[in-house]
Amino acid sequence: MQDNKKTTPILKVKNVSKYFGGIHALDNISFELSTNKITALIGPNGSGKTTLFNVITGLYKATKGSIHFKKRDITKERIDKIAKMGIGRTFQNIKLFANSTVLENVMVGAYQLLDNETFIDVVFNTAEYRQLEKEILHKTEEILRFLDLYKKKETLVKSLSYGDRKRVEFARAIVGDSKLILLDEPVAGMVEEEKLFLLDKIKELSKKNVTILLIEHQIRFVSELASSIIVLDEGKKIAEGKPVEIQENPLVIEAYLGKGAR
Amino acid sequence: MDNTSLSHFVQVTINGLSMGCVYALVAVGYGMVYGILNMINFAHGEIYMFGAYIAYSALVCKMGLFSSILLSLFFCGVLGVTVERLAYKPLREASRIAPALTAMAVALLIRSAVMIIWGSSPIMFPQVINNKPIILNNNIRFYPLQFSIIFVTIVIWVFSLWLFKYTKIGKAIRAVSQDRNTAWLMGIDADKIVSIVYLYGSILAAIAGFLIANYYILLFPLMGFLGTIRAWTAAVLGGIGKLSGAVIGGLLIGLVESFAMTYISTAYKDVIIFIVLIIILLVMPRGLLKGRGQKV
């Protein structure tokens, strides 16, 4: 954490705990994400990675601790407000609107950009509002081209392949110009070709002033992508550092392979 | 078919269609609420009844036709949103049965309140709309009110379709009804959208209440319950969660009711409606327009 002092952190998680009854899903987690970096969140199953995403995005409220995004306290903020402030996310088990088209799904993410429209604009479809909508449509189509989904824009999501759905979800997360993107296993279950394609896109995105935090299982895969790694185990942060350091960290190896694995 | 029985047939169809339109209006709101929260809103018909009573009082107090309608829409909208915020919202995460039971309680509450304010015996609705029938050849009577009912329903149907398909609110409603939490995480204020749906549903119910009160010229507290049953049947028949399904279901029920009353028996009309419902659900378990793949 100390070496990142030069850049200002976009996200600051401080002593966050989340208890479900007696279960400590997250236990006193602290870390900072520095702007425009890719950070990976790894850990065995049930270590609290997705819970952490849910706490950051407001779906769960932290039992203890605080979360600051762009220097604003978002610990108790409403879910939709947090999204509008610029945190986008995807889900481990894809959550798309299956009965809507690809275009509509992605546009949902883009509508965050429209914030100053009035009720009258929306209901009466004023010229000004139509202009805004046109811009959104344009932006959405641009993202769809970026992710090679343009040809499928009128397809219903429920008839897409798994890899396509993953990309649609990714598109929805990034279309709203979010400054922080949380990706929950973005390439899990994809075929090799699709994986490489998406990896490229993630790298490209991080060059465009976007901070990325992603959950992934395989350390090897994460190492080439992320500039730093945070490791969770049983709700606790057990390590944080550069990929090389993490790969050699005895605590991490133990968490993954069990005691005495070395 | 000879000439008199043909004109009789046309007459029954017109009557059925106009009744069906009222049911469709109630069913659309009911179906929207079901679609967005998966909740069986037993209080929906009560709002329709309440709207009719408010319009009655406004008209009795010599308010104009237009302002009475507006007043009734306003009160029903406020009632719908208040009920949602106070009674249903705290139960969002509860099992499906809890809000349904709460809705029953709300229905009883509204019905009792209406009985306290207006009394439990039926009252006559003041006849304000000129409803002199236009007699076509073949002795078919076409009431201007029936024409207004059908016209209003078509306008609302088209408007709702447009609203759902092309506006931001419509897209947000569709997103929230497919997955509330995800929509929320994408920056849609899900609570606000749910309230808007209740508001819209309540306003449609109020319009339907006003039309039915003018049509039957009679108000009674139990009409709300009957409205709920009709709306439920129509929405399920058409395919629950589908806008056009609710409209088609409503029209079908209106027609079946009208024909059953004329050609079979007035006493058995409800039985016949439910027999039709059972047969259709046996053949098409998700309703005519294939609504959600869920149990109803």
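The shown structure was predicted, so the numbers you read here are calculated from the model rather than taken from an experiment.

**Student:** Describe the packing of helix 2 (residues 44–60) of chain B against helix 9 (residues 223–238) of chain B, listing the residues and the values that go with them.
**Tutor:** All names here are of chain B. It is at 7 Å that the axes of helix 2 and helix 9 come closest, and there the two elements cross at 135 degrees. When the interaxial angle is binned, helix 2 and helix 9 end up oblique. Two packed elements cross with a definite hand, and for helix 2 against helix 9 that hand is right-handed. Of the residues in helix 9, those in contact with His-44, Gly-45, Glu-46, Tyr-48, Met-49 and Ala-52 of helix 2 are Met-223, Gly-224, Phe-225, Gly-227 and Thr-228. Looking at the contact of helix 2 with helix 9, its residues break down into five nonpolar, five polar and one charged.

**Student:** Just give me the short version of the interface of chain A and chain B, but keep the residues and values in it.
**Tutor:** If you look at the interface, chain A gives 28 residues, while chain B gives 20 residues. Here chain A meets chain B over a buried area of about 2,200 Å², counting both sides, of which 63% is carbon and sulfur. Applying the counting criterion to the chain A and chain B interface returns two salt bridges. One salt bridge connects Arg-174 of chain B with Glu-104 of chain A, and the closest N-O pair in it is separated by 3.1 Å. Applying the counting criterion to the chain A and chain B interface returns seven residue pairs in polar contact (both at pLDDT 80 or more). Every element with two or more residues in the side of chain A that touches chain B is listed here: helix 2 (79–86), helix 3 (102–110), helix 4 (119–124) and helix 5 (127–146) of chain A.

**Student:** I'd like to hear about the sheet that holds strand 5 (residues 72–73) of chain A, residue by residue, with values.
**Tutor:** Residues and elements named next belong to chain A. Across the sheet, four strands lie side by side as 2-1-4-5; this open sheet has antiparallel pairing. With one partner strand each, in any of the chains shown, strand 2 (23–34) and strand 5 form the two edges of the open sheet. As judged from the five bridges shared by strand 1 (residues 9–20) and strand 4 (residues 64–69), these two strands associate in the antiparallel manner. For Val-13, the partnering residue across the bridge sits in strand 4 and is Ile-67. Sheet contacts for helix 1 (residues 49–56): strand 1, strand 2 and strand 4; angle to strand 2, the most-contacted strand, approximately 65 degrees.

Here is what the cut-offs are and how they apply
Residues numbered from 1 in each chain as written. Chains lettered and ligands numbered in written order. Predicted model: local features only at pLDDT ≥ 70, side-chain atom pairs only at ≥ 80, totals over all residues. Heavy atoms only, no water. Axes fitted to C-alpha atoms, helices over the stretch in contact; angles between N-to-C directions. Helix = DSSP H or I, 4+ residues; strand = E, 2+ residues; numbered from the N terminus. Parallel < 35°, antiparallel > 145°, perpendicular 65-115°, else oblique. Left-handed = near helix turned anticlockwise from the far one by under 90°. Contact = heavy atoms within 4.5 Å. Nonpolar A, V, L, I, M, F, W, Y, C, P; charged D, E, K, R; others polar. Buried area = accessible area lost by both parts, 1.4 Å probe. Salt bridge = Lys/Arg side-chain N within 4 Å of Asp/Glu carboxyl O. Polar contact = N/O pair within 3.5 Å; in protein donor to acceptor, adjacent residues only side chain to side chain. Pairing = 2+ DSSP bridges.

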